[in-house]
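Survey of secondary and tertiary structure
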Amino acid sequence: LPAQGSLLYLDTLRHAFPQALAPQGTALLSWTPSGPRAPAGWPLSTLYCTPVEAGALSSRATALRVQLLFALRMRALHVLEAGLATELHDALAALRAGWPGLAEDLALGRLSPQPGLPEDVRGRLQALLAPDAARAAELRAECTQGFEGIVQRLWPQLEVVVVGTAHGAEQLYCEALRQADCKGLPFYCPFYRAAGALLGVNLWPKEPAPRFLLCPDWAFCEFLPCPAEEEPRTVLLGELWEGREYGLVLTARAGEYRCCAGEVLRVAGFHKQCPVVEPVRRESQALSVRGESIPEERFCRSLCRAVGMWPGARLVDYVCVQSALLGASSGACAPHYEVFVELRGLRDLSEAQRYKLDQCLQEDFPIYKSFRFKGSIGPLRLHLVGAGAFARLREALGSPLPMPRVLREERLLQLIQSTVIS
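Just so it is clear, the structure is predicted and the values come from calculations on it, not from any experiment. (Residues numbered from 1 in each chain as written. Predicted model: local features only at pLDDT ≥ 70, side-chain atom pairs only at ≥ 80, totals over all residues. Heavy atoms only, no water.)

1. Here's the deal with empty space enclosed by the protein
Basically, it comes down to this: Only protein atoms enter the calculation, which uses a 1 Å grid: trapped sets of points that fit a 1.4 Å probe without letting it out are cavities, open sets showing protein on both sides within 12 Å along at least five of seven lines are pockets, and any residue with an atom within 4 Å of a point is a lining residue. Grid points are joined across faces, edges and corners, and a volume is the space filled by probe spheres set on the points. Segments assigned H or I by DSSP are reported as helices when at least four residues long, segments assigned E as strands when at least two residues long, and all are numbered from the N terminus. Each residue is assigned to one class: nonpolar for Ala, Val, Leu, Ile, Met, Phe, Trp, Tyr, Cys and Pro, charged for Asp, Glu, Lys and Arg, and polar for all the others, Gly among them.
Under the criterion given, the structure shown has 5 cavities of 30 Å³ or more. Empty space within the largest cavity amounts to approximately 60 Å³. Lining of the largest cavity is provided by H89, L92, A93, R96, A176, L177, D181, R314 and R344. Taken together, the elements giving at least two residues each to the lining of the largest cavity come down to α3 (85-108) and α7 (171-179). Ranked by the residues each element gives to the lining of the largest cavity, the list is headed by α3, at 4 residues. Its residues assigned to classes, the lining of the largest cavity comprises 4 nonpolar, 1 polar and 4 charged.

2. As for the sheet that holds strand β4 (residues 187-188)
Quick reminder of the rule: Two strands are counted as paired when DSSP detects at least two bridges linking them.
With parallel pairing, the 4 strands of this open sheet are ordered in space as β1-β2-β3-β4. Each having just a single partner strand, β1 (26-29) and β4 make up the two edges of the open sheet. Direction of pairing for strand β3 (residues 160-163) relative to β4: parallel, over a ladder of 2 bridges. Each bridged residue has a counterpart across the sheet, and for V162 the counterpart in β4 is Y188.

3. Quick word on the sheet that holds strand β8 (residues 220-226)
Inclusion rule: To define axes, lines are fitted to C-alpha atoms, for helices over the stretch in contact only, and angles between the resulting N-to-C directions are given on a 0 to 180 degree scale.
As summarised here, the arrangement of the 7 strands in space is β5-β6-β7-β11-β10-β9-β8, forming an open sheet in which the pairing is antiparallel. Each of the sheet's edge strands pairs with one partner strand only, and the pair in question is β5 (191-194) and β8. Strand-to-strand twist across the sheet, computed as the mean angle between neighbouring axes with direction ignored, equals 50°. Across 7 bridges, β8 lies against strand β9 (residues 245-251) in antiparallel orientation. What sits directly across from P225, in β9, is Y246.

4. Observations regarding helix α5 (residues 133-144)
As a reminder, the rule being used: To estimate how far a helix should reach, multiply one less than its number of residues by 1.5 Å. Here's how the labels work: a residue is buried when its accessible area is under 20% of the maximum for its type, exposed when over 50%, partly exposed in between, all with a 1.4 Å probe on protein chains only. Arc, as used here, means the arc of the directions from the helix axis to the C-beta atoms. Note on contacts: a residue pair is in contact if any heavy atoms of the two residues lie within 4.5 Å.
For α5, built from 12 residues, the straight-helix expectation of 16 Å at 1.5 Å per residue is met to within 8% by its first-to-last C-alpha distance of 16 Å. Buried within α5 are the following residues: R135, A136, E138, L139, E142 and C143. The buried residues of α5 all sit within an arc of 160° when viewed along its axis, so they share a single face. Facing away from the buried surface of α5 by more than 90 degrees, the exposed residues are A133, A134 and T144. If you follow the buried residues of α5, they end up packed against α2 (60-73), α3 and α6 (150-154). Once α5 ends, the next one or two residues include G146, with phi positive near 115°.

5. Regarding the packing of α3 against α5
Angle between the axes and distance between the axes are the two parameters that describe a pair of packed helices. Heads up, the rule is: For classification purposes, an angle smaller than 35 degrees is called roughly parallel, one larger than 145 roughly antiparallel, one from 65 to 115 roughly perpendicular, and anything else oblique. What makes a crossing left-handed is the near helix being turned counterclockwise from the far one by less than a right angle; a clockwise turn instead makes it right-handed.
Where α3 meets α5, the closest approach of the two axes is 8 Å, and the angle between their N-to-C directions is 160°. Taken together, the axis directions place α3 and α5 in an arrangement best described as roughly antiparallel. The handedness of the crossing between α3 and α5 comes out as left-handed. Where α3 approaches α5, its residues L95, W99, L102, A103, E104, L106 and A107 are matched on the opposing element by A133, R135, A136, L139, R140, C143 and T144.

6. Some thoughts on the domain arrangement of the chain
Heads up, the condition is: The source of the domain bounds is an automatic or database domain assignment.
Domain assignment breaks the chain into domain 1 (3-189), domain 2 (210-283) and domain 3 (286-418). If you average the C-alpha positions of domain 2 and of domain 3, the two centres end up 30 Å apart.

7. Thoughts on the layout of surface pockets
The volume enclosed by the second largest pocket comes to roughly 560 Å³. Forming the walls of the second largest pocket are 27 residues, and the residues nearest its centre are D90, A93, A94, G388 and A391. Sort the elements by how many residues they give to the lining of the second largest pocket and α3 lands first, with 9 residues. In terms of residue class, the lining of the second largest pocket is made up of 13 nonpolar, 5 polar and 9 charged. No fewer than three residues from each of domain 1 (3-189) and domain 3 (286-418) sit in the lining of the second largest pocket.

8. Topic: the pairing of strand β11 (residues 274-282)
Where strand β7 (residues 212-214) meets β11, 2 bridges bridge the pair, whose relative direction is antiparallel. Each bridged residue has a counterpart across the sheet, and for F212 the counterpart in β11 is V277. The pairing of strand β10 (residues 259-271) with β11 spans 8 bridges and is classified as antiparallel. In the strand pairing of β11, V264 is matched with R281. Hairpin connection of β10 to β11: 2 residues between the antiparallel strands, including K272 at a positive phi of 50°.

Have a look at this one:
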């Protein structure tokens, strides 16, 4: 991470939220099994109240629970930081399911044995804890009242939630957190990364939709206009037009290969002659069993519209698998989509309700409707999965990266069958 990026981030955060840089005023929820690292990239470890060793545990679920316990100790938090919105969601799900045990650990000043927590590490972390009966009582009182707006009730001085990614596959969780657990709090995504390189910084932390200033000397970027021209030619930063979409071509460092990053950006404007962009989609995240190419973010919109027709339902997460990936287990009909959905507030769906998603897709995508009419694409199959299925899938994947929602790789098949489908 360029030092300029960290300094821009810290300066932006301080101006927008004056108490955000208070010592020990930031709690971190981020699983980094390869070694401790702050997702926001700042070099000032004194800002964190979370031990760096807690995030490097071998188990994702255990790492997030231990970090949550240390966060709960500090009532005067100003910033809650998560590497991914899904990590914040899963940590709060652990709070919802296990708050009596967390309250007991707070009261006794202990760290209970857990899978993936070696005894020597547990001993070092427990030495940092002290009994706090008053904070434990406060935790019990707030959780007994329910979990709507629980984050601000537990940390009344909290100013902002910082997440490493708030667009693409993570946007669904950001919206869910804004509407429930984190109600009333702004979400700030400070950096834009692609293909392992840092490309831009968000200078507008209080705006709901993240947009990023592309910094010209962090990586060498070229852009392909979208839709593609007959003879595609890349353009440079100074040749971009406001309002247009571009595919990103990236050369991250000297000597590295030049590659298409698979990212599509929209130019939202300019700041001191540098372009300000909004991530639109990942080109690889598209459904296409017959060449129809439905982008993941537009499929998600259709799914959310269908969920709105199911009384009491709230979408937690989903994955979509093209039927060819599942082989014989998907049946003998024409190629189709297999969609696995986790809902809250609804346990089952009638066949008529399940068909609503296929109907929404036909209304939103004429090409899909045409293929369905011809019979070359079979009816979509919708499966409901149990609570926590996607958290178990993320744990099984063993990767701190965002989980794709359109799954294509054969290696994921066994994980899907063993965690989500079962």
